[in-house]
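What follows is the residue order along each chain.
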Amino acid sequence: MKDLNDGGVLVVGCGRMGGALLDGWIAQGLQPASLWIEDPHPGDRLLALAAQGAHVNAPRPARPAVVLLAVKPQMMAEVLAGLAALPADVPVLSVAAGVSLQQYGAALGDRPIIRAMPNTPALVGRGITAIIGNDHAGPGHLALATRMFSAVGEVVALEAEAQIDAVTAISGSGPAYLFLFAEALEQAARALGLPEALARQLARGTVGGAAAMMVASGRDAAELRREVTSPAGTTAAALAVLMRPDGLPDLIAQAAEAARDRSVALGQ
Ligand SMILES: NC(=O)C1=CN([C@@H]2O[C@H](COP(=O)(O)OP(=O)(O)OC[C@H]3O[C@@H](n4cnc5c(N)ncnc54)[C@H](O)[C@@H]3O)[C@@H](O)[C@H]2O)C=CC1
Ligand SMILES: O=C(O)[C@@H]1CCC=N1
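Residues numbered from 1 in each chain as written. Chains lettered and ligands numbered in written order. Predicted model: local features only at pLDDT ≥ 70, side-chain atom pairs only at ≥ 80, totals over all residues. Heavy atoms only, no water.

You'll find the protein chain entered in an unreviewed UniProt entry as Pyrroline-5-carboxylate reductase, with Paracoccus denitrificans given as the organism. On record in UniProt, under Function (unreviewed entry), the comment for the protein chain is "Catalyzes the reduction of 1-pyrroline-5-carboxylate (PCA) to L-proline." Regarding the protein chain, the relevant UniProt record gives this comment under Pathway (unreviewed entry): "Amino-acid biosynthesis; L-proline biosynthesis; L-proline from L-glutamate 5-semialdehyde: step 1/1." (UniProt positions renumbered as here; feature names shortened; annotations may be inferred.)

Here you go:
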């Protein structure tokens, strides 16, 4: 990331995703003084970065090394209108759900543009980000994006832009599904009569421990599930409920479809 110190990085929108990426880049050697950050609501983190030399809501550099767009999709048209004067060789990365490469191209002209779909585990360096570039994004631009998102976790390159709506539904929104599962497990513990603090500790420890085990072992989720399930035991009794025809797998499929459809709609 040190090479970006030369031209600097312009970040437009610095909430949860933009902020997580900034933290990752700074941890990898990007100097705060090489950051230009625009956000109408600078919070404590941005003010602290400004105190370390970052340029917050300051005049833009004439030719940043790269631009990151991390505003909500609904704000994107307004933000793109303000970027029309950016030199044509400056690559633009965007993490916005739904906004298409064609839409960026229409607003920003022929230039390297890369759509990325990260997720919030990036906040702890455990994100997974999918990237796809337009026709002007060459191997060097994709390598740059890969390096930038690798600062906060894994990166996968997509074969086609059409895949990104499904990716958004799975890994972009997916952490929320897991958190909901943890909430439900905690509520179930309460319903079974356990005290609140214990219910929370058991739910967090179980979801966090199972996720860590799946990653550390590299083994199949189905195989790990079978190992918990003793014949005619307690887990089998629970799974018989969860795996009913309209049970958890079916619900997750429906939820992912709804998220995918919303991603498609955001791009229209
Ligand atoms: N939160 C998530 O799990 C993920 C979010 N994304 C995408 O990341 C983008 C940002 O999402 P979050 O960080 O969650 O939202 P956020 O609401 O935390 O951050 C958005 C930031 O943009 C700022 N902003 C609003 N108008 C602006 C403008 N005109 N110029 C500059 N900044 C402006 C806001 O003040 C806010 O700080 C969205 O497009 C979303 O689709 C992508 C993957 C995962
Ligand atoms: O909910 C959203 O629209 C964004 C995109 C993926 C996760 N959060």
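Q: Explain the overall build of the protein chain here, please?
A: When helices and strands are tallied, the protein chain shows 11 helices and 8 strands. With the C-alpha coordinates of the protein chain rotated into their principal frame, the extents come out at 70 × 40 × 30 Å. In the protein chain, which comprises 268 residues, the proportion classed as buried is 39%. Look at the contacts in the protein chain between residues 6 or more apart in sequence, and 59% of them connect residues 24 or more apart. For the protein chain, the distance from the average site of its 19 positive side-chain charges to the average site of its 24 negative ones is 4 Å. (Helix = DSSP H or I, 4+ residues; strand = E, 2+ residues; numbered from the N terminus. Buried < 20%, exposed > 50% of the residue type's maximum accessible area, 1.4 Å probe, protein only. Contact = heavy atoms within 4.5 Å. Lys, Arg positive; Asp, Glu negative; His and termini not counted. Charge placed at Lys NZ, Arg CZ, Asp CG, Glu CD.)

Q: Just to check I follow, could you spell out the environment of Glu-183 for this structure?
A: Following the sequence through the fold, Glu-183 ends up in helix H7 (residues 174–191). Through-space distance from the C-alpha of Glu-183 to that of Ser-34 is 40 Å; in sequence the pair is 149 residues apart.

Q: What is the right way to read the site of ligand 1 from this model?
A: Taken together, the neighbourhood of ligand 1 is formed by 23 residues, with Arg-16, Met-17, Asp-39, Val-71 and Ala-97 sitting nearest. A distance of 3.3 Å separates an oxygen atom of ligand 1 from a polar atom in the side chain of Lys-72. Here the shell around ligand 1 is composed, by residue class, of 14 nonpolar, 4 polar and 5 charged. (Near = heavy atom within 4 Å. Polar contact = N/O pair within 3.5 Å; in protein donor to acceptor, adjacent residues only side chain to side chain. Nonpolar A, V, L, I, M, F, W, Y, C, P; charged D, E, K, R; others polar.)

Q: How should the site of ligand 2 be read in this particular structure?
A: Close to ligand 2 lie Ala-97, Gly-172 and Ser-173. Contact with the protein chains covers 48% of the free accessible surface of ligand 2, which is 250 Å². (Areas by Shrake-Rupley, 256 points an atom, 1.4 Å probe, with all protein chains shown as cover.)

Q: Any chance you could explain the domain arrangement of the protein chain here in plain terms?
A: It is common to report an interface's size as the accessible area lost on association of the parts. Splitting the protein chain by domain gives domain 1 (1–159) and domain 2 (173–267). Taken residue by residue, the interface counts 9 residues in domain 1 and 6 residues in domain 2. Taken together, the two surfaces of domain 1 and domain 2 that pack against each other cover about 540 Å², and 57% of this comes from carbon and sulfur. There are 1 residue pair in polar contact (both at pLDDT 80 or more) connecting domain 1 and domain 2. (Domains from an automatic or database assignment. Buried area = accessible area lost by both parts, 1.4 Å probe.)

Q: Is there a simple way to think about the packing of helix H6 (residues 164–172) against H7 in this case?
A: Geometrically, a packed helix pair is captured by the angle between its two axes and the distance between the axes. Contact geometry of H6 with H7 gives a least axis separation of 5 Å together with a crossing angle of 30 degrees. In terms of axis orientation, H6 runs roughly parallel to H7. Residues Ala-169, Ile-170, Ser-171 and Gly-172 of H6 pack against Gly-174, Pro-175 and Tyr-177 of H7. Residue composition of the contact of H6 with H7, grouped by class: 4 nonpolar, 3 polar and no charged. (Axes fitted to C-alpha atoms, helices over the stretch in contact; angles between N-to-C directions. Parallel < 35°, antiparallel > 145°, perpendicular 65-115°, else oblique.)

Q: Looking at this structure, I do not really get the pattern of salt bridges. What am I missing?
A: When their charged atoms lie close together, side chains carrying opposite charge are able to pair. Enumeration over the complete set of coordinates arrives at 9 salt bridges. The closest approach of N and O atoms between Arg-147 and Asp-3, which form a salt bridge, is 2.8 Å. In this pair, Arg-147 sits in helix H5 (residues 139–150) while Asp-3 sits in the segment before strand S1 (9–12), placing the two residues 144 residues apart along the sequence. Taking the relative accessible area as the measure of exposure, Arg-147 reaches 34% and is therefore partly exposed. Asp-89 is paired through a salt bridge with Arg-63; the nearest N and O atoms lie 2.5 Å apart. Of this pair, Asp-89 sits in the loop between helix H3 (76–81) and strand S5 (92–94) while Arg-63 sits in the loop between strand S3 (55–56) and strand S4 (66–69), placing them 26 residues apart in sequence. One salt-bridge network, held together by shared partners, links Arg-219, Glu-223 and Glu-227. (Salt bridge = Lys/Arg side-chain N within 4 Å of Asp/Glu carboxyl O.)

Q: In this structure, what is going on with the environment of Met-17? I would like to understand it.
A: Tracing the sequence through the fold places Met-17 in helix H1 (residues 16–27). Overall, Met-17 belongs to the buried group, its relative accessible area being 17%. In this view, Met-17 contacts Val-95, Pro-118, Asn-119, Thr-120 and Ala-122; residues no more than four positions away in its chain are not counted.

Q: What should I look at first to understand the UniProt feature "binding site: NADP(+)" (unreviewed entry) in the protein chain in this one?
A: Residues annotated by UniProt as "binding site: NADP(+)" (unreviewed entry) correspond here to Ala-70, Val-71, Lys-72 and Pro-73. Along the chain, Ala-70 falls in the loop between S4 and H3. In this structure Ala-70 comes out as buried when scored by relative accessible area, which is 14%. If near-sequence neighbours (up to four positions away) are discounted, Ala-70 is found in contact with Val-12, Gly-13, Gly-18 and Val-95.

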